[in-house]
Amino acid sequence: MKRLAVIPVLAFALAGCGSDSGNDEAASSNPSSPPSMKTVPTCMALPNASLEAHAGAVVKDRETMYLTDVSADSAECTAKVTFDFDEGQAPGPGYEAVYEPASTAKVEDGSGNPVEIDGDAFLVVRLSPAMTARIDGDQVTKTYTGPKRLPQDPDSAVRDVVKTGDFENMVTWVIGLDEKLPFSTTTTQSQLVIEIDTE
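In this report, the structure presented in the accompanying data block is examined. Keep in mind the model is a prediction, meaning the values are calculated, not measured.

Rules of the game
Residues numbered from 1 in each chain as written. Predicted model: local features only at pLDDT ≥ 70, side-chain atom pairs only at ≥ 80, totals over all residues. Heavy atoms only, no water. Pairing = 2+ DSSP bridges. Helix = DSSP H or I, 4+ residues; strand = E, 2+ residues; numbered from the N terminus. Disulfide = S-S within 2.5 Å. Buried < 20%, exposed > 50% of the residue type's maximum accessible area, 1.4 Å probe, protein only.

Pairing within the open sheet is mixed, and its 5 strands lie in the order β6-β2-β3-β12-β11. Edge positions in the sheet fall to β6 (130-131) and β11 (183-188), since each has one partner strand and no second. Pairing of β11 with strand β12 (residues 191-197), which is carried by 6 bridges, proceeds in the antiparallel orientation. When the bridges of β12 are listed, Thr-185 appears paired with Ile-194.

The next subject is the pairing of strand β7 (residues 133-136). For β7 and strand β8 (residues 139-142), the ladder comprises 4 bridges, and the chain directions are antiparallel. The residue of β8 that forms the bridge with Arg-134 is Thr-141. From the end of β7 to the start of β8, which pair antiparallel, there are 2 residues, and Gly-137 there has a positive phi angle of about 65°.

In this section: the state of the cysteines. On inspection of all chains with the given rule, the structure shows 1 disulfide. Here Cys-43 connects covalently by a disulfide to Cys-77, the sulfurs 1.8 Å from one another. Note on the Cys-43 and Cys-77 pair: the S-S dihedral is about -70°, so by sign convention the disulfide is left-handed. Here Cys-43, found in the loop between α1 (2-28) and β1 (54-55), pairs with Cys-77, found in the loop between β2 (65-74) and β3 (78-85); they are 34 residues apart in sequence, far enough to count as distant. Look at Cys-77 and you get buried, because its relative accessible area is 13%.

In short, shape yes, function no, at least from these values alone.
Right, dumping it as structure tokens:
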């Protein structure tokens, strides 16, 4: 008789546990809980960015630097074009970066032939003294073997990056944009980075 009395008590306890689980499910689906808030990235202005020309330090008898790579990259608030050289030297590559009208920017150095460049504003980057190949007598060894026109992300503010010159110890690239945007320049002994404020 004592064993039979235990069975209904146990069944009642299990029924009580089942009802608590249902209450928990109802509470978890309560629509009154506040929705999660997504943070929107805040773009900070680039230090030293402007529409004015940027140039490297003037160094007497600066040695020629040899270009090895050019790459373009875009992020949430900025776009970058990076120029790499094979050997570093202080204080870094000689350069000038300046906005120019289409009449002078979209022209090949030396030949004067027109160059098609997408965009309405043109940031011209001149690297000097610089070359894309080492010349030793009749032997020419290319240090830059990449394309003359870099493929672009259609969502980037940069519309085009095109090589327009490799003439008389000067290498020229043009960055095509929809409009003039503030930019900054940063150098190391073997690299030049053009960073463009796209916001």
